Amino acid sequence: MLDDKLQHIVTSTSFLQEVLAEAEQEFDHYYIGAGCITQTVWNVLSGFEEGYGIKDIDVVYYDAHDLNGEGERSLEKKLRQRFSHIPFSIDVTNEARVHLWYEEKFGKPIRPYQSVEEAIGTWPSTASALGIKKIDDYYRIYAPFGLEELFNMIVRPNKKMIPKEVYEQKALQWRRRWPDLTVIPW
(Lines give C-alpha, C1' and ligand atoms only; values in the text may rest on other atoms or scores of the structure.)
Protein backbone atom coordinates (compact mmCIF):
# COMPACT_ATOMS: atom_id res chain seq x y z
CA MET A 1 0.00 0.00 0.00
CA LEU A 2 2.79 2.47 0.84
CA ASP A 3 4.49 1.52 -2.43
CA ASP A 4 1.31 2.59 -4.23
CA LYS A 5 1.17 5.87 -2.27
CA LEU A 6 4.80 6.60 -3.13
CA GLN A 7 4.26 5.77 -6.78
CA HIS A 8 1.22 8.08 -6.88
CA ILE A 9 3.22 10.95 -5.37
CA VAL A 10 6.11 10.40 -7.81
CA THR A 11 3.81 10.19 -10.84
CA SER A 12 2.08 13.40 -9.69
CA THR A 13 5.35 15.35 -9.37
CA SER A 14 6.29 16.95 -12.67
CA PHE A 15 10.04 17.41 -12.15
CA LEU A 16 10.46 13.81 -10.97
CA GLN A 17 8.61 12.53 -14.02
CA GLU A 18 10.90 14.54 -16.32
CA VAL A 19 14.08 13.28 -14.66
CA LEU A 20 12.87 9.67 -14.47
CA ALA A 21 11.98 9.67 -18.16
CA GLU A 22 15.42 10.96 -19.14
CA ALA A 23 17.29 8.70 -16.70
CA GLU A 24 15.46 5.69 -18.08
CA GLN A 25 17.00 6.51 -21.48
CA GLU A 26 20.51 7.25 -20.16
CA PHE A 27 21.17 4.46 -17.65
CA ASP A 28 20.89 0.70 -17.55
CA HIS A 29 20.84 0.48 -13.77
CA TYR A 30 20.03 3.64 -11.82
CA TYR A 31 17.80 5.19 -9.18
CA ILE A 32 16.59 8.68 -8.42
CA GLY A 33 16.94 8.83 -4.71
CA ALA A 34 17.45 10.26 -1.29
CA GLY A 35 16.30 13.79 -0.54
CA CYS A 36 14.37 14.63 -3.67
CA ILE A 37 12.07 11.63 -3.13
CA THR A 38 11.90 11.83 0.67
CA GLN A 39 11.31 15.57 0.68
CA THR A 40 8.69 15.33 -2.05
CA VAL A 41 6.74 12.94 0.18
CA TRP A 42 7.19 15.23 3.20
CA ASN A 43 5.94 18.16 1.11
CA VAL A 44 2.78 16.29 0.15
CA LEU A 45 2.20 15.18 3.76
CA SER A 46 2.83 18.72 5.06
CA GLY A 47 0.77 20.50 2.41
CA PHE A 48 3.80 22.33 1.03
CA GLU A 49 4.26 23.24 -2.62
CA GLU A 50 6.01 20.93 -5.05
CA GLY A 51 9.77 21.30 -4.74
CA TYR A 52 9.77 23.12 -1.40
CA GLY A 53 13.07 22.66 0.46
CA ILE A 54 14.66 20.45 -2.17
CA LYS A 55 18.26 21.35 -3.03
CA ASP A 56 19.15 18.69 -5.57
CA ILE A 57 18.08 15.61 -7.43
CA ASP A 58 20.35 12.64 -6.89
CA VAL A 59 20.75 10.23 -9.77
CA VAL A 60 22.81 7.21 -8.76
CA TYR A 61 24.05 4.37 -10.89
CA TYR A 62 26.72 1.68 -10.86
CA ASP A 63 29.47 1.24 -13.43
CA ALA A 64 32.59 -0.56 -12.19
CA HIS A 65 34.24 -0.03 -15.59
CA ASP A 66 34.31 3.77 -15.21
CA LEU A 67 36.34 4.43 -12.09
CA ASN A 68 38.12 7.51 -13.44
CA GLY A 69 34.90 9.52 -13.31
CA GLU A 70 34.81 10.71 -16.91
CA GLY A 71 31.47 9.05 -17.63
CA GLU A 72 30.00 10.30 -14.38
CA ARG A 73 31.02 13.91 -15.10
CA SER A 74 29.80 13.69 -18.68
CA LEU A 75 26.40 12.34 -17.64
CA GLU A 76 26.04 14.96 -14.92
CA LYS A 77 26.86 17.75 -17.37
CA LYS A 78 24.39 16.39 -19.90
CA LEU A 79 21.57 16.07 -17.34
CA ARG A 80 22.28 19.51 -15.85
CA GLN A 81 22.01 21.05 -19.32
CA ARG A 82 18.90 19.06 -20.14
CA PHE A 83 17.22 20.13 -16.89
CA SER A 84 18.51 23.69 -16.61
CA HIS A 85 14.88 24.81 -16.25
CA ILE A 86 14.44 22.80 -13.03
CA PRO A 87 15.35 24.88 -9.94
CA PHE A 88 17.50 22.14 -8.38
CA SER A 89 20.96 20.92 -9.22
CA ILE A 90 21.30 17.47 -10.70
CA ASP A 91 23.91 15.35 -8.94
CA VAL A 92 25.01 12.18 -10.71
CA THR A 93 27.02 9.62 -8.73
CA ASN A 94 28.58 6.40 -9.93
CA GLU A 95 28.38 4.41 -6.69
CA ALA A 96 31.23 2.19 -7.90
CA ARG A 97 33.55 5.20 -7.35
CA VAL A 98 32.42 6.42 -3.92
CA HIS A 99 35.19 4.60 -2.04
CA LEU A 100 37.74 6.69 -3.97
CA TRP A 101 36.61 10.01 -2.42
CA TYR A 102 34.61 9.12 0.68
CA GLU A 103 37.51 9.25 3.16
CA GLU A 104 38.57 12.71 2.02
CA LYS A 105 35.03 14.05 2.38
CA PHE A 106 33.88 12.22 5.54
CA GLY A 107 37.10 11.23 7.30
CA LYS A 108 36.94 7.45 7.11
CA PRO A 109 37.71 4.90 4.41
CA ILE A 110 35.03 2.57 3.06
CA ARG A 111 35.22 -0.56 0.97
CA PRO A 112 33.94 -0.40 -2.61
CA TYR A 113 30.22 -0.89 -3.06
CA GLN A 114 29.19 -3.93 -5.06
CA SER A 115 25.90 -2.44 -6.27
CA VAL A 116 23.84 0.72 -6.26
CA GLU A 117 21.43 -0.98 -3.84
CA GLU A 118 24.25 -1.58 -1.37
CA ALA A 119 25.07 2.13 -1.53
CA ILE A 120 21.45 3.18 -0.95
CA GLY A 121 21.42 0.99 2.15
CA THR A 122 24.10 3.21 3.73
CA TRP A 123 22.44 6.60 3.19
CA PRO A 124 22.07 8.88 6.24
CA SER A 125 18.58 8.08 7.52
CA THR A 126 16.21 5.18 7.23
CA ALA A 127 13.62 7.43 5.57
CA SER A 128 16.07 8.77 2.97
CA ALA A 129 17.64 5.41 2.12
CA LEU A 130 15.33 5.19 -0.83
CA GLY A 131 15.55 4.95 -4.59
CA ILE A 132 13.00 4.77 -7.38
CA LYS A 133 13.42 4.13 -11.06
CA LYS A 134 11.16 3.81 -14.04
CA ILE A 135 11.40 0.94 -16.49
CA ASP A 136 8.85 1.34 -19.27
CA ASP A 137 5.66 2.01 -17.31
CA TYR A 138 6.77 0.15 -14.21
CA TYR A 139 8.24 1.84 -11.13
CA ARG A 140 10.80 -0.04 -9.05
CA ILE A 141 11.14 1.15 -5.49
CA TYR A 142 14.16 0.18 -3.44
CA ALA A 143 13.71 0.95 0.26
CA PRO A 144 15.85 -1.33 2.44
CA PHE A 145 14.25 0.03 5.65
CA GLY A 146 10.73 0.12 4.27
CA LEU A 147 8.51 3.16 3.78
CA GLU A 148 6.74 3.39 7.15
CA GLU A 149 9.12 5.92 8.69
CA LEU A 150 9.07 8.00 5.52
CA PHE A 151 5.27 8.27 5.59
CA ASN A 152 5.22 8.77 9.37
CA MET A 153 7.76 11.60 8.96
CA ILE A 154 10.30 9.92 11.24
CA VAL A 155 13.99 10.64 10.74
CA ARG A 156 16.12 7.88 12.25
CA PRO A 157 19.89 7.62 11.82
CA ASN A 158 21.22 4.90 9.59
CA LYS A 159 24.50 4.27 11.40
CA LYS A 160 25.98 1.96 8.76
CA MET A 161 28.32 4.62 7.48
CA ILE A 162 27.42 8.24 8.12
CA PRO A 163 29.24 10.13 10.88
CA LYS A 164 27.13 11.34 13.80
CA GLU A 165 27.79 15.02 13.08
CA VAL A 166 26.68 14.70 9.44
CA TYR A 167 23.43 13.00 10.49
CA GLU A 168 22.76 15.61 13.17
CA GLN A 169 23.40 18.48 10.75
CA LYS A 170 21.07 16.98 8.11
CA ALA A 171 18.37 16.19 10.67
CA LEU A 172 18.50 19.76 12.02
CA GLN A 173 18.20 21.25 8.51
CA TRP A 174 15.30 18.94 7.67
CA ARG A 175 13.49 19.72 10.94
CA ARG A 176 13.73 23.45 10.22
CA ARG A 177 12.06 22.98 6.83
CA TRP A 178 9.54 20.31 7.87
CA PRO A 179 8.65 21.07 11.52
CA ASP A 180 6.31 18.04 11.78
CA LEU A 181 9.26 15.65 11.49
CA THR A 182 10.09 13.46 14.44
CA VAL A 183 13.87 13.30 14.67
CA ILE A 184 15.32 10.32 16.50
CA PRO A 185 18.59 11.30 18.21
CA TRP A 186 21.82 9.52 17.34
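A few points on the structure. (Residues numbered from 1 in each chain as written. Predicted model: local features only at pLDDT ≥ 70, side-chain atom pairs only at ≥ 80, totals over all residues. Heavy atoms only, no water.)

Viewed as axis vectors pointing N to C, helix α1 (residues 2-11) and helix α3 (residues 35-46) meet at an angle of 90 degrees, and their least axial separation amounts to 10 Å. Relative to α3, the element α1 is oriented roughly perpendicular. Contact residues: α1 offers Leu6, Ile9 and Val10, while α3 offers Ile37, Thr40, Val41 and Val44. Classifying every residue of the contact of α1 with α3 gives 6 nonpolar, 1 polar and no charged. (Axes fitted to C-alpha atoms, helices over the stretch in contact; angles between N-to-C directions. Helix = DSSP H or I, 4+ residues; strand = E, 2+ residues; numbered from the N terminus. Parallel < 35°, antiparallel > 145°, perpendicular 65-115°, else oblique. Contact = heavy atoms within 4.5 Å. Nonpolar A, V, L, I, M, F, W, Y, C, P; charged D, E, K, R; others polar.)

Another point: the sheet that holds strand β1 (residues 30-33). Sheet architecture is open: 5 strands sit in the order β3-β2-β1-β4-β5, paired in mixed fashion. At either margin of the open sheet sits one strand with a lone partner, and together these are β3 (89-94) and β5 (138-142). Averaged over all adjacent pairs, the angle separating strand axes in this sheet is 30 degrees, with direction ignored. Of the strand pairs in this sheet, β1 and strand β2 (residues 56-61) are connected by 4 bridges, and their pairing is antiparallel. Looking at the pairing, tyrosine 31 lines up with valine 60 of β2. Sitting on the sheet, α1 touches β4 (131-135) and β5, and the angle it makes with β5 is about 120 degrees. Running at roughly 165 degrees to β1, helix α2 (residues 14-26) makes contact with β1, β2, β3, β4 and β5 of the sheet. (Pairing = 2+ DSSP bridges.)

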